[in-house]
Amino acid sequence: MVLDNHLHLQKHGENVDAVRRFKKMGGTHINLTNTPDYTQKVDASYHRKIYDMTIEIAHAVRRAVGVGVIITLGPYPADLVNFVKNGGAVEDGKELMFRAVDLAVEYIEDGKANAIGEIGRPHFPVSYDIWEASNEVIIYAMRAAKNLGVPVILHTESATEQTWRDLAAMADKVGISKDMVIKHYSPPVVGAENYGIFPSIIASRKNVREALKQGTRFLLETDFMDEPSRPNAVLPIESVPRRARWIVQEYGVETWEKIMDNARRIYGGALDES
Ligand SMILES: [Zn+2]
């Protein structure tokens, strides 16, 4: 198994063709996350449209490429910022984010999706109100994920010690296993310094080398955005399979399998059904 734990595909991007390149390099599974689209208004109907689009692309990938697709759905942290920028009140925006988590829950219960995310707090400075509302959304989504027994994928500011500590405190408050609280776009912090939050690391060679010095409790991702104006950002879609080959060569196949065991533990049967 070769899983890219976090990427995006877009209707106006390469979508299916990009995944063909992923498969050719040896990729077997992707975790597909919805992508914000601010050409549309962030209102009460916004998230259903975004989620349905993601599911449609996932079906197309399965059909056309035969790669397993885990689907992660949730309100993106900047959705709240966008809502407020367009004149909405923070309080109303927070409710909208809660309802978007509820909708993700509904889709997961219906077997249409497998995880909640990427939810969290903006990676750029925002008002205190938006920051606090975003933290409430994190707690709300963690609670939902715990009840469903699925992972929650977090998008936050660049992780510092404070970030890890905040997230761990929230997870403890909710009582969700920290294995199921995944920090996407994580730096290679694999040991106790991440306070137990599960790292999904950007799959650069440097990161992987750093991560493997500390252990194998991590997953790899490209955060590929499939955005024609930013080709190959954040990393090219072939990066995880390429890195997997390199890990097998340099560290042995058991090391790679240990990394994939994390995915088997976290996603369980969803991987077989993907
Ligand atoms: Zn992302």
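Residues numbered from 1 in each chain as written. Predicted model: local features only at pLDDT ≥ 70, side-chain atom pairs only at ≥ 80, totals over all residues.

### Concerning the overall build of the chain
What counts is decided by this rule: Under the scheme used here, helices are H or I runs from DSSP no shorter than 4 residues and strands are E runs no shorter than 2 residues, and both carry numbers assigned from the N terminus. Only C-alpha atoms enter the radius of gyration; for comparison, a globular chain is expected to reach 2.2 Å times N to the power 0.38, where N is the number of residues. In this scheme every C-beta is placed from the backbone, and a residue whose C-beta has 20 or more other C-beta atoms within 10 Å is buried, one with 12 or fewer is exposed, and one in between is partly exposed. Contact between residues is assigned whenever the C-beta positions, reconstructed from backbone atoms, fall within 7 Å.
From N to C terminus, the chain includes ten helices and eight strands. For 274 residues, the compact-globule estimate of 2.2 N^0.38 gives 19 Å, and the chain sits close to it at 17 Å. Taken along the three principal axes of its C-alpha coordinates, the chain extends 55 × 40 × 35 Å. In the chain, which comprises 274 residues, the share counted as buried stands at 50%. Sequence-distant contacts in the chain: of pairs separated by 6 or more residues, those separated by 24 or more amount to 71%.

### Considering helix 4 (residues 90–109)
As a reminder, the rule being used: The length a helix should cover is 1.5 Å for every residue beyond the first.
In this model, helix 4 (20 residues) spans 29 Å end to end at C-alpha, consistent with the 28 Å of a helix rising 1.5 Å per residue. Three or more residues of helix 4 are buried, namely Val 90, Gly 93, Lys 94, Leu 96, Met 97, Ala 100, Val 101, Ala 104, Val 105, Tyr 107 and Ile 108. In the core, the buried residues of helix 4 are packed alongside helix 2 (46–65), strand 3 (68–73), helix 3 (77–85), strand 4 (115–120) and helix 5 (128–148). Just downstream of helix 4, Gly 111 is the residue with a positive phi angle, here 80°.

### As for the packing of helix 2 against helix 4
Basically, it comes down to this: Geometry is summarised by axes, namely lines fitted to C-alpha atoms with helices restricted to the contacting stretch, and by angles between N-to-C directions that run from 0 to 180 degrees. Handedness of a helix crossing follows the sense of rotation of the near helix relative to the far helix, less than a right angle counterclockwise being left-handed and clockwise being right-handed.
Between helix 2 and helix 4, whose axes approach to 10 Å, the crossing angle comes to 35°. As helix 2 runs across helix 4, the sense of the crossing is right-handed. For the pair formed by helix 2 and helix 4, the contact residues are His 47, Arg 48 and Tyr 51 on the first element and Ala 100, Leu 103 and Tyr 107 on the second.

### Observations concerning the sheet that holds strand 2 (residues 29–33)
Using the following cut-off: One requirement defines pairing of two strands: DSSP has to find at least two bridges between them.
Strand order in the open sheet formed by eight strands is 1-2-3-4-5-6-7-8, with parallel pairing between adjacent strands. Strand pairing shows two members of the sheet lacking a second neighbour, strand 1 (3–7) and strand 8 (219–221), which therefore form its edges. Adjacent strand axes in the sheet meet at a mean angle of 30°, parallel and antiparallel pairs treated alike. In this structure, strand 6 (residues 181–186) lies alongside strand 7 (residues 198–202), joined through three bridges in parallel fashion. Each residue of the ladder has a partner; that of Lys 183, found in strand 7, is Pro 199. Where helix 9 (residues 253–267) meets the sheet, its contacts fall on strand 1, strand 3 and strand 8, and the angle it forms with strand 8 comes to roughly 95°.

### What about the nonpolar core?
Quick reminder of the rule: Only buried residues count toward a nonpolar core: Ala, Val, Leu, Ile, Met, Phe, Trp, Tyr and Cys, linked into one set through C-beta atoms within 7 Å.
With 87 residues, the main nonpolar core has Ile 116, Ala 141, Val 152 and Val 181 as its most contacted residues. With nine residues, helix 4 is the largest single contributor of residues to this core. Setting aside anything within four residues of it in sequence, one finds Val 181 in contact with Met 142, Val 152, Leu 154, Leu 167, Ala 171, Ile 176, Ile 197 and Phe 198.

### Observations regarding the environment of Tyr 38
Residue position: Tyr 38 is located in the loop between strand 2 and helix 2. Between the alpha carbons of Tyr 38 and Asn 82 there is a distance of 7.9 Å; along the sequence they are 44 residues apart.

### Overview of the pairing of strand 1
Note the following rule: With its strands directed away from the observer, a crossover is right-handed exactly when the path from the first strand over the helix to the second travels clockwise.
When you tally the buried positions in strand 1, you get five out of five residues, the bulk of the element. Handedness of the crossover is the feature at issue here: the chain leaves strand 1, passes through helix 1 (residues 16–24), returns alongside strand 2, and the resulting connection is right-handed.

### Some remarks on the pairing of strand 6
When you tally the buried positions in strand 6, you get six out of six residues, the bulk of the element. Direction of pairing for strand 5 (residues 152–155) relative to strand 6: parallel, over a ladder of three bridges. Across the sheet, residue Val 152 finds its bridge partner in strand 6, namely Val 181.

Such coordinate-based values are descriptive only and should not be taken to indicate function.
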